Structures are given as C-alpha cells and as structure tokens.
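Examination of the molecular architecture
The chain contents come next:
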Amino acid sequence: MPYQPLGSLRTESAPDTTGRNTGNWTTTITVADVSRVAVAEIYHAVVENNLPGAWARIQIGIRSFSFTQPLSGAEWDPVNPPLLGPGQTIYFLWNTAATIGQAPVVTTWWRYDPLLPANKG
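Predicted, not measured: the structure shown is a model, and the values here were computed from it.

Examined against the element boundaries, Asn24 turns out to sit in strand S3 (residues 24-30). The exposure class of Asn24 is buried, given its relative accessible area of 17%. In this structure, Asn24 is in contact with Ala14, Pro15, Asp16, Trp94, Asn95, Thr96, Ala97 and Ala98, ignoring residues within four places of it in sequence.

A word on the packing of aromatic side chains. Within the structure shown, the criterion is met by one aromatic pair. Ring geometry for Phe92 versus Trp94: centroids 6.4 Å apart, planes at 20°, classification stacked. You'll find Phe92 and Trp94 in the same group, each marked buried. In this structure, Arg20 is placed above the aromatic ring of Tyr91, and the distance from its NZ or CZ to the ring centre is 4.6 Å.

Time to look at the sheet that holds strand S5 (residues 56-60). Strand order in the open sheet formed by five strands is S2-S3-S9-S5-S6, and the pairing between neighbours is antiparallel. The sheet is open, and its two edges are formed by strand S2 (14-15) and strand S6 (63-68), each paired on a single side. Pairing geometry for S5 and strand S9 (residues 89-97), over five bridges, is antiparallel. Bridged to Ile60 within S9 is Ile90.

With that out of the way, let us pick up the pattern of salt bridges. On inspection of all chains with the given rule, the structure shows one salt bridge. Residue Glu41 pairs with Arg111 through a salt bridge whose shortest N-O separation is 2.5 Å. Here Glu41, found in strand S4 (residues 40-48), pairs with Arg111, found in strand S10 (residues 105-112); they are 70 residues apart in sequence, far enough to count as distant. Taking relative accessible area as the criterion, Arg111 reaches 23% and is therefore assigned partly exposed.

Parameters and conventions
Residues numbered from 1 in each chain as written. Predicted model: local features only at pLDDT ≥ 70, side-chain atom pairs only at ≥ 80, totals over all residues. Heavy atoms only, no water. Helix = DSSP H or I, 4+ residues; strand = E, 2+ residues; numbered from the N terminus. Buried < 20%, exposed > 50% of the residue type's maximum accessible area, 1.4 Å probe, protein only. Contact = heavy atoms within 4.5 Å. Phe/Tyr/Trp six-rings, centres within 6.5 Å; stacked < 30°, edge-to-face > 60°. Lys NZ or Arg CZ within 6 Å of the ring centre and 35° of its normal. Pairing = 2+ DSSP bridges. Salt bridge = Lys/Arg side-chain N within 4 Å of Asp/Glu carboxyl O.

Okay, structure coming up:
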C-alpha cells in the first residue's frame, strides 16, 4: 500500500466530557487534529504519564475497539490499525480519577492512503 506519513500527535488527557467516563481522565483524538485528509490511520501509539495499574478502554465513537493496560508508560500497536474518517473520534477512557496524578499523554502516529477515493482531491 502506498501509505503516506502524517507524523505524530501528542494529546494530553483531560477530565471526561463525554459522559461515558465521568470523573476520570479521557484522551480525545480526531483525524481533524492531525490532517486535512478525510480518512487516516493510527498505526502506533505511545502512552505516558499514567499511574501504575491504570488502564484504558479504547473506543471509536461509542464502540469498543481495543484495550491497553500499561504500567507507567507503554506502546499500543494495534494488529488492525483503526481507520478514522470524517467526524469520527477515538477515545482512551482511563480508569483513573482526573483528580489523581498527572494526566495520561497519548502520542499517536498517523498515515493515510492517497489512493482511497475519500482522500483524493
């Protein structure tokens, strides 16, 4: 595949505003945060700053996609990287209270396929 790199995006978690993780840290990321292409892929992520024993449920929109349970930091290499299109958001819903410790930081690495019809033009 002729994937083209889009670089990385460092996103610090914030207190949840989705209503699905009330009181806890949530990391919220969209394709628009990275690029103007319509469809892009997260092929790698690095998690830092989370408390030992913390974990995150990873959702695209309202559907569960994956799970990560790093110690104080880890990598997330999805076997099937998610494609995010217009209006889609990926969430890392942390199990730790937003009043405890530092906000987890997720650095995502992005690429896109210029041959996808949605990415042409």
